[in-house]
Amino acid sequence: MARRHPGAVIDFWFGELAPAQWFHKAPTLDDEIRRRFGACHAAAARGELWHWRDSARGRLAEVIVLDQFSRHLHRGSSQAYACDAQALVLAQEAVAQGADRYLDVPWRAFLFMPYMHSESLVIHDEALRLFDQPGLEENLRHEQRHRQVIARFGRYPHRNAALGRPSTPEEHAFLAGPGASF
């Protein structure tokens with residue numbers, strides 16, 4: 001069962017999916033993640049997968065479940081972001097312990113992703129450092145773009161509707177312009 005085996009998450013995310021699928025909105029993929037990993041996500045959200053943290057791969061799997069799977073399972077709702085702080089803390093602990101050094105470079109991007117998803121400029125400053133390494137150049141460009149939005153607005157305006165936050169006139173103008181979505 002995926003709930004007990006972080007390898008199932010890693011194999012699915014990096015083995016079964018093509019990189020183009022990671023960030024593509026596809027209801028069929030969302031449904032597959034819900035079917036295969038919904039119980040796993042619920043367990044992770046309750047903090048029940050602490051034993052996964054015994055290895056770098058396990059930590060990465062838990063971060064993927066909380067950060068990436070949340071977005072697929074709860075697309076368009078506030079629940080898509082509900083586990084962001086938990087994923088960030090897990091990622092920060094992993095980095096502090098050097099677990100990122102035991103992961104393949106492309107996998108590190110997903111360990112660092114909660115930093116990119118944060119609405120804290122302080123966290124984005126650390127994200128710039130983390131993503132600034134060979135093999136993560138494209139991720140660094142994305143992080144720079146995300147940081148610009150946080151520096152400008154102090155938050156991600158495209159989350160406002162889902163989170164029930166009113167948008168400012170400047171945010172409305174930004175969202176209506178080209179390149180506003182990630």
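Because the structure is predicted, anything quoted here is derived from the model rather than measured. (Residues numbered from 1 in each chain as written. Predicted model: local features only at pLDDT ≥ 70, side-chain atom pairs only at ≥ 80, totals over all residues. Heavy atoms only, no water.)

Note that Leu130 resides in helix α7 (residues 121-131). On the basis of relative accessibility, which here comes to 4%, the residue Leu130 falls in the buried class. Taking the C-alpha atoms as reference, Leu130 lies 7.1 Å from Phe112; in sequence the two are 18 residues apart. Leaving out residues up to four positions away in the same chain, Leu130 has contacts with Val95, Phe112, Tyr115 and Leu136. (Helix = DSSP H or I, 4+ residues; strand = E, 2+ residues; numbered from the N terminus. Buried < 20%, exposed > 50% of the residue type's maximum accessible area, 1.4 Å probe, protein only. Contact = heavy atoms within 4.5 Å.)

When its volume is computed, the largest pocket comes out at roughly 840 Å³. Taken together, 25 residues form the lining of the largest pocket, with Phe23, Arg71, His117, His158 and Phe182 sitting closest to its centre. If you list the elements that add at least two residues to the lining of the largest pocket, you get α4 (56-73), α6 (105-117) and α8 (137-153). Considered class by class, the residues forming the lining of the largest pocket number nine nonpolar, 10 polar and six charged. (1 Å grid on protein atoms, 1.4 Å probe; cavity = no way out; pocket = protein on both sides within 12 Å on 5 of 7 lines; lining within 4 Å. Points joined across faces, edges and corners; volume = space filled by probe spheres on them. Nonpolar A, V, L, I, M, F, W, Y, C, P; charged D, E, K, R; others polar.)

With that out of the way, let us pick up the packing of aromatic side chains. This model, assessed by the stated rule, comprises 13 aromatic pairs. Here the aromatic rings of Trp22 and Phe110 are separated by 4.8 Å at their centres, their planes lie at 80 degrees, and the arrangement is edge-to-face. On the criterion of sequence distance, the pair formed by Trp22 in helix α2 (residues 19-22) and Phe110 in helix α6 is long-range, its members being 88 residues apart. Phe110 gets classed as buried once you look at its relative accessible area, which sits at 3%. Aromatic side chains Phe23 and Phe110 sit 5.9 Å apart centroid to centroid with 10 degrees between the ring planes, which places their arrangement in the stacked category. Pair noted here: Phe23 is in the loop between α2 and α3 (27-45) and Phe110 is in helix α6, with a separation of 87 residues, a long-range link. One aromatic cluster is present, built from ring pairs that chain together Phe12, Trp13, Phe14, Trp22, Phe23, Phe37, Phe69, Trp107 and Phe110. (Phe/Tyr/Trp six-rings, centres within 6.5 Å; stacked < 30°, edge-to-face > 60°.)

Moving on, we get to the pattern of salt bridges. Inspection of the entire model under this criterion finds 17 salt bridges. Note that Glu16 and Arg36 form a salt bridge whose closest N and O atoms lie 2.8 Å from each other. In this pair, Glu16 is assigned in helix α1 (residues 6-16) and Arg36 in helix α3, connecting sequence segments 20 residues apart. Note on Arg36: relative accessible area 29%, which makes it partly exposed. For Glu32, the salt bridge identified is with Arg36, shortest N-O distance 2.8 Å. Of this pair, Glu32 and Arg36 are both found in helix α3, four residues apart, which corresponds to roughly one turn of the helix. According to the relative accessible area criterion, Glu32 is partly exposed, its value standing at 25%. (Salt bridge = Lys/Arg side-chain N within 4 Å of Asp/Glu carboxyl O.)

At a minimum axis distance of 11 Å, the contact between α6 and α8 shows a crossing angle of 10 degrees. It follows that α6 is roughly parallel to α8 by the angle criterion. Across from Ala109, Met113 and Met116 in α6, the residues of α8 making contact are Asn139, His142, Glu143 and His146. The class makeup of the residues in the contact of α6 with α8 is three nonpolar, three polar and one charged. (Axes fitted to C-alpha atoms, helices over the stretch in contact; angles between N-to-C directions. Parallel < 35°, antiparallel > 145°, perpendicular 65-115°, else oblique.)

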